[in-house]
Amino acid sequence: MNCSSVIKKVGVFGGTFDPIHKGHIAVARAVRDELKLDQILMVVNNDQWMRNDPVLASPDDRYKMVKLALNGERNIEVSDVDIVRGGPTYTINTLVDLQKSLGSMVKLHLIVGSDSAMSMHIWKNSEKIPELATIVTVGRPGEVFDTELLDNFHPAKRALYVVGPMLNVSATQIRNLKQSNHSIKNLVTESVDNYIKTQKLYQ
Ligand code: ATP
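A quick note: this is a predicted structure, and the numbers were derived from the prediction, not measured.

Draft legend 1. Structural context of the side chain of histidine 24. Summarising the element assignment, histidine 24 is placed in helix α1 (residues 22-34). Apart from residues no more than four positions distant in its own chain, histidine 24 is found in contact with Phe13, Phe17, Pro19 and Met42.

Draft legend 2. How the structure looks around the site of the ligand. Neighbouring residues of the ligand: 21 residues in total, closest Asp115, Arg140, Leu167, Ala171 and Thr172. Separating an oxygen atom of the ligand from a side-chain N or O atom of histidine 24 is a distance of 2.9 Å. When the ligand sits alone it has 600 Å² of accessible area, and the protein chains cover 89% of it. The residue inventory of the shell around the ligand, partitioned by class, reads seven nonpolar, ten polar and four charged.

Draft legend 3. Geometry of the packing of helix α2 (residues 59-69) against helix α8 (residues 190-198). α8 packs onto α2 with a crossing angle of 150 degrees between their chain directions and a minimal axis gap of 8 Å. Judged by the inter-axis angle, α2 sits roughly antiparallel to α8. Considering how the two elements wind past one another, α2 and α8 form a crossing that is right-handed. When α2 is examined against α8, the residues Asp61, Lys64, Met65, Leu68 and Ala69 are found in contact with a partner set consisting of Ser191, Val192, Tyr195 and Ile196. Residues that form the contact of α2 with α8 fall into these classes: six nonpolar, one polar and two charged.

Draft legend 4. Up close: the pairing of strand β1 (residues 8-15). Pairing between β1 and strand β4 (residues 106-113): six bridges, direction parallel. By the bridge assignment for β4, lysine 9 is matched with lysine 107. Sheet topology places β1 next to strand β2 (residues 39-44); six bridges connect them, and they run parallel. Looking at β2, one finds that glycine 14 is bridged to valine 43. Between the parallel pair β1 and β2, the chain is carried across by α1, and the sense of this crossover is right-handed.

Draft legend 5. Quick look at the environment of alanine 26. Positionally, alanine 26 belongs in helix α1. Sequence separation of alanine 26 and methionine 65 is 39 residues, and the distance between their C-alpha atoms is 16 Å. Among residues more than four places away in sequence, those in contact with alanine 26 are Pro165 and Leu167.

The rules behind each value
Residues numbered from 1 in each chain as written. Predicted model: local features only at pLDDT ≥ 70, side-chain atom pairs only at ≥ 80, totals over all residues. Heavy atoms only, no water. Helix = DSSP H or I, 4+ residues; strand = E, 2+ residues; numbered from the N terminus. Contact = heavy atoms within 4.5 Å. Near = heavy atom within 4 Å. Polar contact = N/O pair within 3.5 Å; in protein donor to acceptor, adjacent residues only side chain to side chain. Areas by Shrake-Rupley, 256 points an atom, 1.4 Å probe, with all protein chains shown as cover. Nonpolar A, V, L, I, M, F, W, Y, C, P; charged D, E, K, R; others polar. Axes fitted to C-alpha atoms, helices over the stretch in contact; angles between N-to-C directions. Parallel < 35°, antiparallel > 145°, perpendicular 65-115°, else oblique. Left-handed = near helix turned anticlockwise from the far one by under 90°. Pairing = 2+ DSSP bridges. Right-handed = clockwise from strand over helix to strand, strands pointing away.

If you want it as structure tokens, here you go:
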């Protein structure tokens with residue numbers, strides 16, 4: 001039996017998702033298809049210690065929005081592993097917990113936008129991350145990702161690079177539009193737009 005045929009490739013795409021937008025979904029689809037991943041887990045952060053802006057929606061609301069947005073997406077699912085663990089979210093813990101629950105036949109691929117990839121060296125125990133997952137960096141408009149600029153010990157130095165859909169959208173832009181009473185309907189799914197309206201988020 002060929003052992004490689006039973007190894008499952010799972011993408012781990014973490015984020016605050018405050019809220020999830022079409023850029024996130026397009027990235028997940030592009031990486032799934034280009035790297036032929038069996039599944040992508042979109043892991044909702046509990047407490048994002050690196051953010052300057054306060055997170056405006058609760059973990060529960062952010063989780064529900066990701067679940068709604070992924071309805072009907074092929075092999076892309078939401079994970080609450082960081083919310084269940086609680087406390088500040090560190091990717092190292094996310095990877096260890098997921099590997100434990102998914103088992104040794106799963107090969108994890110950590111998906112990060114190029115902005116996040118450049119700052120990975122300041123993440124907790126970042127030097128151990130490449131041992132736990134293949135790092136996949138995805139292009140983001142306005143963000144330069146160049147491994148030549150990284151020193152040899154940077155966790156993203158040997159990352160795979162997927163150009164991806166290059167959609168110029170961010171959750172910050174969506175929160176700002178909402179706060180100034182503008183429509184966000186082209187930037188999020190209809191289900192998320194409705195959820196934000198009914199729960200009166202980002203007002
Ligand atoms: P915010 O504006 O609140 O910082 P965000 O839009 O960057 O939010 P996050 O939830 O913080 O969204 O990002 C989760 C992951 O998705 C990060 O790795 C980030 O780099 C990546 N990402 C977000 N938007 C895009 C995009 N348009 N293209 C590529 N990657 C993206």
